[in-house]
Structure formats: structure tokens, C-alpha cells
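# Reading the structure
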Amino acid sequence: MADRESDAQGYAEQTVACPGCDQQFAVGIRNTGACLVADLMNEDIHVSVIEDPVNSPEDPWEVEAYQRENLPSDPAQIFKFATYDIGHIAAEMEGRGLIGALNRMLLVQYFSAIEAYLSDRLIRLVLDDPRAMSALVKGNKEWLADKIGVVELASNPNAFRDWVQARLRELMYHNFVKIDHYYRNALGSTIFPDEATKKTLMEFVPMRHDCVHRYGRDHDGRERSISKPDLERLSEALEGMVTHLEAAFARRGMSG
């Protein structure tokens, strides 16, 4: 935490007790300024490092398992809750200072809500309907060269489902044109209710990029101006998308 690396350097000794046998050991700790180095004072003691409990990365399979087991049953309802709160915050803050920064943050939140909806809806569809999964995989040219090992298939009966789900979680769901292709294959429906809605949403995609990656400034350094009517247009377009997709799911359910 020091301002200079040299100020953080130092040396100290302390005694630690083994939790297994209660034997105490003298340890010398040296701060290099970049890291801590611990040395046992008794050089006759043999030490084996089994794992690093601090820097061990989180098990990716545990993360994926949590995501698989905790898909929301009603993504549309969660989207409604999220967008209601966004609208409530916008109304409460209207007329106060820093409204420009707030509107940029609210725009990003709108995209976060629709990306979560599109992801959860699509994954839920293909996991629940083998026909949808088959149609999605067959219609996706990007996956033609991908392979699943025979050992994995033999040891995990859900290997194919897990593989598809992992690929779907890697997608950027604000790339509406690409996601539309996935939905067309799996659901048999476009994500856009009409061309006007599609045009509106595509206008906001560059704004989202600049708000996330450039703190609201375009490639020329000019600040993006996002007004309350802009947020209302975006909200209306996103709600139209969700309503359209929910209707498509309902029709699919009735036909199935």
C-alpha cells in the first residue's frame, strides 16, 4: 500500500503453530515491495506446497454448474422488474445534478436487463426442447468445426447439453443481429417485432459501447448526450422485443 516500492520493503519474524500437530515454527517474512516471501528458520524442515489457497482460481466447472442449476424460470418477469426499477430511478432523479452521467448508467442497465433476458430465454429453450437444440446446432455454421471428445461423451451423459450451454453463455447478447440468427434457428422467430424497433435498437448499440468502454464518449472524444426521451425510446423498444418473443414462445408451446 506504500507510495513507493522501497517504502514497503521490510523484514519481520513470527511464530506459527501447525493446526495438525500444534508444533510451533519460527518464520521469517520478507517484504520485497512486490510480494511477501516466507522462510522457515529451521532449514531441516521439509515443506511441500499442495496448493495456493489465496490465488487458486475459482473452479470454472463450479461456476458453470451454478449457472446451469439457477436458470430463472421466467426471464421476462425478471426483465420487467429490472426495467421498472430503472424507470423509477430516472423519475426520482429528474431535475437533479449529474443527470447526464445517470442517464448513461441507466442506458447500460437497460442493456444489461435485455442481455440477461435474451441469454436466459435462449438457454432455457434449448435445454428444455431437444428439437430447438438440434435446430440451433444444425443451423449454426460457426460451430461446424467444433468437436466433443468421445471420452467426455462416455463419461458425461449431458456432455452435449453442457457444451451447447457453454457456447451460448459466451455470446455477447447486445449483438442483436447475431443473436437474431440464433433465435431464428432455435425458436423459428426473429427477435425484432418490426423494422422500426430494429432500427431504434441498432441506434443505441454504439451508445452502449461508448458508455461501457469510453465513459460515454465517442471515438472523437465527444460526450454522448442521452436524454430522458432517449431512455423512454429504448425502454419501449426493448419491451416490444420481449413482448414479441414471449408471444412467439407461447405460440410454440401451443403448437408443441
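In what follows, the structure referred to is the one given above.
The following paragraphs examine the structure supplied in this document. Values in this document were obtained by computation on a predicted structure and should not be read as measured data. (Residues numbered from 1 in each chain as written. Predicted model: local features only at pLDDT ≥ 70, side-chain atom pairs only at ≥ 80, totals over all residues. Heavy atoms only, no water.)

### Some details on the overall build of the chain
Per the secondary structure count, the chain includes ten helices and three strands. Traced from its N-terminal end to its C-terminal end, the chain shows the element sequence α-β-β-β-α-α-α-α-α-α-α-α-α. The buried share of the chain, reckoned over its 256 residues, is 32%. Across the chain, every contact between residues at least 6 apart in sequence was considered, and the portion connecting residues at least 24 apart equals 61%. Counting only carbon and sulfur atoms, one obtains 53% of the accessible surface of the chain, whose full area is about 16,500 Å². (Helix = DSSP H or I, 4+ residues; strand = E, 2+ residues; numbered from the N terminus. Buried < 20%, exposed > 50% of the residue type's maximum accessible area, 1.4 Å probe, protein only. Contact = heavy atoms within 4.5 Å. Areas by Shrake-Rupley, 256 points an atom, 1.4 Å probe, with all protein chains shown as cover.)

### As for the sheet that holds strand β3 (residues 36-40)
Strands sit in the order β1-β2-β3 across an open sheet of three strands; the sheet is antiparallel. Because the sheet does not close on itself, it has two edges, and the strands there are β1 (10-17) and β3. Averaged over all pairs of adjacent strands, the angle between strand axes in this sheet comes to 25°, irrespective of strand direction. Where strand β2 (residues 24-31) and β3 come together, five bridges link them in antiparallel fashion. Pairing of N31 across the sheet is with L36, part of β3. (Pairing = 2+ DSSP bridges. Axes fitted to C-alpha atoms, helices over the stretch in contact; angles between N-to-C directions.)

### As for the packing of aromatic side chains
Per the stated rule, a full pass over the model turns up five aromatic pairs. An aromatic cluster is defined as three or more aromatic residues linked by ring pairs; in this entry it consists of W143, F160, W163 and Y182. Lying across the ring of Y215, R104 places its NZ or CZ 5.2 Å from the centre. For R121, the ring lying beneath its charged end belongs to F249, and the centroid distance is 4.2 Å. (Phe/Tyr/Trp six-rings, centres within 6.5 Å; stacked < 30°, edge-to-face > 60°. Lys NZ or Arg CZ within 6 Å of the ring centre and 35° of its normal.)

### Considering the pairing of β1
Alignment of β1 against β2, held across eight bridges, turns out to be antiparallel. The residue bridging G10 from the neighbouring strand is N31, located in β2. With antiparallel pairing between neighbouring strands as the criterion, β1 and β2 make up a hairpin whose turn holds six residues, including D22 at a positive phi of roughly 65°.

### Observations concerning unusual backbone geometry
At Y215, a position not held by glycine, the phi torsion is positive, near 50°. Note on placement: Y215 falls in the loop between α9 (195-213) and α10 (228-255). Given the relative accessible area of 56%, Y215 is considered exposed.

### Comments concerning the environment of E246
Mapped onto the secondary structure, E246 falls in helix α10. Sequence-wise, E246 and I191 are 55 residues apart; in three dimensions their C-alpha atoms are separated by 10.0 Å. With residues up to four places along the chain from it excluded, the contact list for E246 reads A76, Y117 and R121. A distance of 2.7 Å separates the side chain of E246 from the side chain of Y117, its partner in a polar contact. (Polar contact = N/O pair within 3.5 Å; in protein donor to acceptor, adjacent residues only side chain to side chain.)

### Some thoughts on the nonpolar core
Counting 50 residues, the largest nonpolar core has L118, L168 and F176 as its most contacted members. Put simply, the parts of the chain that give this core at least two residues each are α3 (75-93), α4 (99-128), α5 (130-138), α7 (159-169), α8 (176-186), α9 and α10. The element best represented in this core is α4, accounting for 14 residues. Sequence-distant contacts of F176, that is, excluding residues within four places in its chain, are made with F111, I114, L118, I191, F192, L201, M202, V205 and M241. (Core = buried A, V, L, I, M, F, W, Y, C linked by side-chain atoms within 4.5 Å.)

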